[in-house]
Amino acid sequence: FAGTEAFLILGHEQFVHQMENAPAFSEAAARTYLRGRVERHVHDHGEALWVSQRAESNRKDASYVLHLLPSELYLRINEIALRRRIDLTRILPLLVPLQVELGNLGEPAGLPVLLAVEAGAATQLVVGRTPREILFTRTTLASWQAEPARVAVEINRSILYAKQQFAAVVDR
């Protein structure tokens, strides 16, 4: 790599992505609620960098994916980049390219789809509607090669959850 700037797509067991429902009556109320969730996370797990991403909800409240990266992990990654004279401009969760992939499937709009991607020793599951609507995401600490039965169970659980919570029948 001969450049000086880079961004990183990160899938890591310490990079937490949790679904949160927040009040839907205003963006300010949702931000306040999410800040409270982050403060509880920080209290329990230590300082974290965070961002929220809107997700689809079939309820009256708003749904978000809250991405929480421990500050200590970020500092270690950034230190490695800086030692190589690379400016780390952003860190993206693995969910971002998977959301883009939902839009590239060529399926009709609104079709429920499950994506399962192995990343190291974990499997990232995303259920959404095409082209880019996220219903929910899960990370299973199991690989397809080492524990295929466990991954299959988690995929089936995700399909059932999509049907129960979002009335989304996933067959792709």
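Residues numbered from 1 in each chain as written. Predicted model: local features only at pLDDT ≥ 70, side-chain atom pairs only at ≥ 80, totals over all residues. Heavy atoms only, no water.

Caption draft 1: Inspection of the pattern of salt bridges at higher detail. All told, the structure shown has nine salt bridges when counted by the stated rule. Note that Glu-27 is salt-bridged to Arg-54, the shortest N-O span being 3.3 Å. Of this pair, Glu-27 sits in helix α1 (residues 27-45) while Arg-54 sits in strand β3 (residues 48-55), and the two are 27 residues apart along the sequence. Judged by relative accessible area, which is 47%, Arg-54 ranks as partly exposed. (Salt bridge = Lys/Arg side-chain N within 4 Å of Asp/Glu carboxyl O. Helix = DSSP H or I, 4+ residues; strand = E, 2+ residues; numbered from the N terminus. Buried < 20%, exposed > 50% of the residue type's maximum accessible area, 1.4 Å probe, protein only.)

Caption draft 2: Molecular detail of unusual backbone geometry. The amide bond that connects Thr-130 to the next residue, Pro-131, takes the cis arrangement and shows omega of 5°. Assignment of secondary structure puts Pro-131 in the loop between β7 (122-129) and β8 (133-140). Look at Arg-85: it is not a glycine, yet its phi comes out positive at around 60°. For Ala-167, which is not glycine, the phi torsion reads 55° and is therefore positive. Within the secondary structure, Ala-167 sits in the segment after α4 (148-166).

Caption draft 3: Expanded view of the pairing of β7. In terms of burial, β7 is largely enclosed, as eight of its eight residues are buried. Neither face of β7 is left uncovered, since the one carrying Ala-122, Gln-124, Val-126 and Gly-128 and the one carrying Thr-123, Leu-125, Val-127 and Arg-129 both have all their residues buried. Judged from the eight bridges that link them, strand β6 (residues 112-119) and β7 form a sheet pairing that is antiparallel. Bridge pairing in β7 places Val-117 opposite Gln-124. Between β6 and β7, which pair antiparallel and follow one another directly, the connecting turn spans two residues, one of which, Gly-120, has a positive phi of 70°. Where β7 meets β8, seven bridges bridge the pair, whose relative direction is antiparallel. Of the residues in β8, the one forming a bridge with Val-126 is Thr-137. (Pairing = 2+ DSSP bridges.)

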